[in-house]
Amino acid sequence: MATVEEQKTVFDMDAANMLNKELRDVFASGKTRSYEWRISQLKSIIKMCDDHEEDIADALRQDLSKPELESIVYELTMLKNSCTLALKELKHWMMPEKAKTSLTTFPSSAEIVSEPLGVVLIISAWNYPFLLSLDPLVGAIAAGNAMVLKPSELAPASSSLMAKLLPEYLDSSSVKVVEGAVSETSALLEQKWDKIFYTGNGRVGRIVMGAAAKHLTPVVLELGGKSPVVVDSDIDMQVATRRIIVGKWGCNNGQACISPDYIITTKDCAEKLVGSLKKELETFYGKNPLESKDLSRIVNSSHFARLTKLLDDDKVSGKIVYGGERDEANLRIAPTILLGVPQNSLIMKEEIFGPLLPIFIVSKIEDSFDMINSGTKPLAAYLFTNNKKLKEQFVMSVSAGGVVINDIALHLAVHSVPFGGVGESGTGSYHGKFSFDAFTHKKAVLYRSFVGDAAVRYPPYTRRKLTLMKALITGNVLTILRALLGLS
Ligand code: NAD
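If you're wondering where the values come from, they're calculated on a predicted model, not measured in any experiment.

Colleague: What am I meant to see in the overall build of the protein chain here?
Modeller: Looking only at helices and strands, the protein chain has 18 helices and 18 strands in total. Dimensions along the principal axes, computed over C-alpha positions, put the protein chain at roughly 85 × 70 × 35 Å. Taken over 488 residues, the protein chain has a buried fraction of 51%. For the protein chain, the proportion of contacts with a sequence separation of at least 24, taken over those separated by at least 6, is 70%. Counting 56 positive and 56 negative side-chain charges, the protein chain places the centres of these two groups 10 Å from one another.

Colleague: What's the story with a nonpolar patch on the surface in this structure? I'm lost.
Modeller: Taken together, the side chains of Leu103, Phe106, Val477, Leu478, Leu481, Leu484, Leu485 and Leu487 make up a nonpolar region of the molecular surface, amounting to roughly 840 Å² of accessible area. Tracing the chain through its elements places leucine 481 in helix α18 (residues 477-484).

Colleague: I would appreciate a short explanation of the packing of aromatic side chains in the present structure.
Modeller: Each aromatic ring pair is summarised here by two numbers: the centre-to-centre distance and the angle between the ring planes. In this structure the tally under the stated criterion is eight aromatic pairs. Taking 6.2 Å as the distance between ring centres and 90° as the angle between the ring planes, the aromatic pair formed by phenylalanine 284 and tyrosine 285 counts as edge-to-face. Judged by relative accessible area, phenylalanine 284 falls into the partly exposed class, the value being 28%. Linked through ring pairs, Phe197, Phe419, Tyr430 and Phe439 together constitute an aromatic cluster.

Colleague: Even after reading the chapter, I still don't get the domain arrangement of the protein chain, so can you show me in this structure?
Modeller: For an interface, size is often stated in terms of accessible area lost upon the parts coming together. Along its sequence, the protein chain is organised into domain 1 (13-93 + 113-223 + 432-436), domain 2 (228-420) and domain 3 (454-484). A straight line from the C-alpha centre of domain 2 to that of domain 3 covers 62 Å.

Colleague: Quick question: what am I supposed to make of the side chain of aspartate 261 here?
Modeller: With respect to the helices, strands and loops of the structure, aspartate 261 is situated in the loop between α10 (237-248) and β9 (262-266). Polar contacts involving the side chain of aspartate 261 include one to the side chain of lysine 226, which spans 2.5 Å. Setting aside residues up to four positions removed in sequence, aspartate 261 forms contacts with Gly225, Lys226, Ser227, Lys248, Glu350, Glu351, Ile352, Phe353, Leu356, Leu357 and Pro358.

Colleague: What is the right way to look at the sheet that holds strand β18 (residues 440-448) in this model?
Modeller: Remark on secondary structure: sheet strands pair via backbone hydrogen bonds, oriented parallel or antiparallel. Sheet architecture is open: three strands sit in the order β1-β2-β18, paired in antiparallel fashion. Unpaired on one side and paired on the other, β1 (97-99) and β18 mark the two borders of the sheet. With direction set aside, neighbouring strand axes in the sheet form an average angle of 30°. Here β1 pairs with strand β2 (residues 108-116) via three bridges, running antiparallel. Across the sheet, residue alanine 99 finds its bridge partner in β2, namely alanine 110.

Colleague: For this particular structure, what's the right way to read the UniProt feature "active site" (unreviewed entry) in the protein chain?
Modeller: According to UniProt, the "active site" (unreviewed entry) feature falls on Glu222 and Cys257. The named residues occupy 36 residues along the chain; their greatest pairwise C-alpha distance, 9.1 Å, places them in one compact cluster. For the second largest cavity, the lining residues drawn from the annotated set are Cys257. Tracing the sequence through the fold places glutamate 222 in strand β7 (residues 219-222).

Colleague: What is the right way to read the site of the ligand from this model?
Modeller: Lining the immediate environment of the ligand, one finds 28 residues, of which Ser152, Glu153, Asn201, Leu223 and Glu351 sit closest. A distance of 2.6 Å separates an oxygen atom of the ligand from a polar atom in the side chain of asparagine 201. One of the side-chain nitrogen or oxygen atoms of glutamate 222 is found 3.2 Å away from a nitrogen atom of the ligand. Look at the ligand: alone it shows 860 Å² of surface, and the protein chains cover 93% of it. Among the secondary structure elements, those contributing two or more residues to the shell around the ligand are α8 (182-189), β6 (195-199) and α9 (202-214). Top element by residues in the shell around the ligand is α8. It accounts for three residues. Grouping the constituent residues of the shell around the ligand by class yields 16 nonpolar, eight polar and four charged.

Colleague: I'm lost on the nonpolar core in this one. Help?
Modeller: General note: in soluble globular proteins, nonpolar side chains tend to be found buried as a group. Counting residues in each nonpolar core, the largest one holds 78 residues, and the members touching the most others are Ile45, Leu134, Leu137, Leu166, Val231, Ile244 and Ile263. When residues of this core are assigned to their parent elements, the largest contribution, nine residues, is made by helix α6 (residues 129-142). Those residues within four positions of leucine 166 in sequence are excluded, and the remaining contacts are Met48, Leu134, Leu137, Leu149, Val175 and Val177. Ile333, Val341, Ile347 and Phe369 belong to the second largest nonpolar core, which has 29 residues in total.

Colleague: Is there a simple way to think about the sheet that holds strand β14 (residues 356-362) in this case?
Modeller: Read across the sheet, seven strands follow the order β10-β13-β14-β9-β8-β15-β16 without closing on themselves; strand pairing throughout is mixed. The sheet is open, and its two edges are formed by β10 (320-322) and β16 (402-405), each paired on a single side. Averaged over all pairs of adjacent strands, the angle between their axes in this sheet comes to 25°, without regard to strand direction. Sheet topology note: the strand β8 (residues 228-231)/strand β15 (residues 380-384) ladder contains three bridges and is parallel.

Colleague: How should I be thinking about the pattern of salt bridges in this particular structure?
Modeller: In total, this model carries 25 salt bridges according to the counting rule given. Notably, a salt bridge pairs glutamate 280 with arginine 242, separated by 2.9 Å at the nearest N-O pair. Taken together, the positions of glutamate 280 in helix α11 (residues 267-285) and arginine 242 in helix α10 put the pair 38 residues apart, joining distant regions of the chain. We classify glutamate 280 as buried; its relative accessible area is 2%. Given a relative accessible area of 36%, arginine 242 falls into the partly exposed group. In the salt-bridge network here, residues are joined through shared partners; they are Arg242, Lys279 and Glu280.

Definitions and cut-offs
The numbering scheme is per chain: residues are counted from 1 as the chain's sequence reads. With pLDDT at 70 or above as the cut-off, local features in this predicted model cover only qualifying residues; side-chain atom pairs require 80 or more to be listed or tallied, and sums for whole chains, interfaces and linings still use all residues. Values shown for side chains rest on all heavy atoms present in the structure; no hydrogens or waters enter the calculation. What counts as a helix is a DSSP run of H or I of at least four residues, what counts as a strand is a run of E of at least two, and both are numbered from the N terminus. Burial classes: relative accessible area under 20% of the type maximum marks a residue as buried, over 50% as exposed, and values in between as partly exposed (1.4 Å probe, protein chains only). Pairs of residues are marked as contacts when any of their non-hydrogen atoms sit within 4.5 Å. Charge convention: Lys and Arg are scored as positive, Asp and Glu as negative, and His as well as the terminal groups of each chain are ignored. We put the charge of a Lys on NZ, of an Arg on CZ, of an Asp on CG and of a Glu on CD. Patch definition: residues with relative accessible area over 30% and no salt bridge; like charges joined within 9 Å; nonpolar side chains (Val, Leu, Ile, Met, Phe, Trp, Tyr) joined within 5 Å. The Shrake-Rupley method, run with a 1.4 Å probe, gives the accessible areas here. Residue values count only the displayed protein chains as cover. The salt bridge definition used is simple: a Lys or Arg side-chain nitrogen within 4 Å of an Asp or Glu carboxyl oxygen. For Phe, Tyr and Trp, where Trp contributes only its six-membered ring, two rings pair if their centres lie within 6.5 Å, and the inter-plane angle classes them as stacked under 30 degrees, edge-to-face over 60, or tilted in between. An automatic or database domain assignment provides the domain bounds reported here. Counted as a polar contact is a pair of N or O atoms within 3.5 Å, where, for protein atoms, one must be capable of donating a hydrogen and the other of accepting one, and residues adjacent in sequence contribute only when both atoms are in side chains. If DSSP finds at least two bridges between two strands, the strands pair. Helix axes are fitted only over the stretch in contact, all axes being lines through C-alpha atoms; the angle between N-to-C directions runs from 0 to 180 degrees. UniProt positions are given in the numbering used here, feature names are shortened, and annotations may be inferred rather than shown by experiment. Residues are called lining when one of their atoms sits within 4 Å of a cavity or pocket point, these points coming from a 1 Å grid over the protein atoms alone, where a cavity is a set in which a 1.4 Å probe fits but cannot get out and a pocket is an open set with protein on both sides within 12 Å along at least five of seven lines. A cutoff of 4 Å decides nearness: a residue is near a molecule or strand if any of its heavy atoms lies inside that distance of it. Under the scheme applied here, ten amino acids are nonpolar (Ala, Val, Leu, Ile, Met, Phe, Trp, Tyr, Cys and Pro), four are charged (Asp, Glu, Lys and Arg), and all others, including Gly, are polar. Side-chain atoms within 4.5 Å are what join buried Ala, Val, Leu, Ile, Met, Phe, Trp, Tyr and Cys residues into a set we call a nonpolar core.

Dropping the structure here:
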């Protein structure tokens, strides 16, 4: 007899193919293109968040022991904010943009029409399971697409809550949720989508891009990396350390794509920095941070094992200057600071994505640029300084998805700048209008009439026509006049 598990519908290649076809039919009906449909879906997301704030916070508690404040502010409020902005701006975003034309096409007019891409796939990660699933979805809806969302199986309570709530609040014929892990995602990836928006690590990012290439499907890859923090002297050390702490441990206990991965500072500054970090960490999380309700736990035992392996590396284990405590049964690791870790240690070979923070010392602060640029391009790079020249040098010479001066992670909340990586940290971006654009094709439209038909384009080709055509393409009136008059 089949077990209950086996009785659940299997989501295989055929099911993925059928789902894709179903969505293609819905998209072809034109339903998702209308302004009214988009607005109604965006409003429903806000309503869903309001009606189920407690359930969502509860799911995040189950998946990650995420503190309620972090759940409500960083997942729900940020998401509602995206919807509110889209609701306010949508008409404007959807409007065709007038474009200039040239003498070559005179008389004519042109515009850029924002066209939905069609049927899109969103694959999301576990660390901010609601925000990372629904924020791209806001962009896909605003742009007028039909879509499938595949939440992460590593945040099962959040995934099943989204699978339950989305059909209740959104148009379930156009917005589908598929729960599952590698096999379900692989079945989805075999299909032809008009865009794949993936959030997660670079290894799977490569799988996604490979699958997309088979269908020439464009992708947005929101990946991670080792985001550095450079700390200069002559700064307000207390403010800087508080911001570093909240950007590291106050963001899902370091399990955030833009949380600081390591710090670079100078020798004279390091002692002051470590002292300040210790003091503020104790103020925030008490003497026994393993028991703090304001710190998320590690997501699962394999990530716990990965992090403890980094900490137990011979090159690293003696370098802990704060923290290091762990509680395997409850998957908790205390905020941990390491000083004097060699650069060839395990901890520097991969993104830490957890509560460990190594500090590196350089002889002069400008040397930090080379250290950062010797690695792959990070998702975010941070600098604390009051030195104007250093700020300029940092912005000009460090390549990263985003840069923040004198704070951590806050660029995420600014909707007028794109959020995304570069190189190894990802491709494409979203947030605000960039989310709408990520799921939109910018169609070039040129309008002509039947007047002004120039014989110069048509055969038989002559030397005079060639001269005139060349002149017309330059757009220079004098050159055109000369060509018309037959002057070389
Ligand atoms: P994850 O394990 O949840 O995986 C992400 C998605 O990939 C999931 O939906 C999962 O089902 C799918 N997946 C996993 N293996 C697959 C396979 N073999 N084939 C197809 N699909 C597969 O999340 P993760 O990768 O552990 O997430 C952490 C990483 O994501 C970090 O590197 C982090 O920096 C990055 N991240 C980036 C952002 C961003 O906005 N740029 C946000 C959050 C996390």
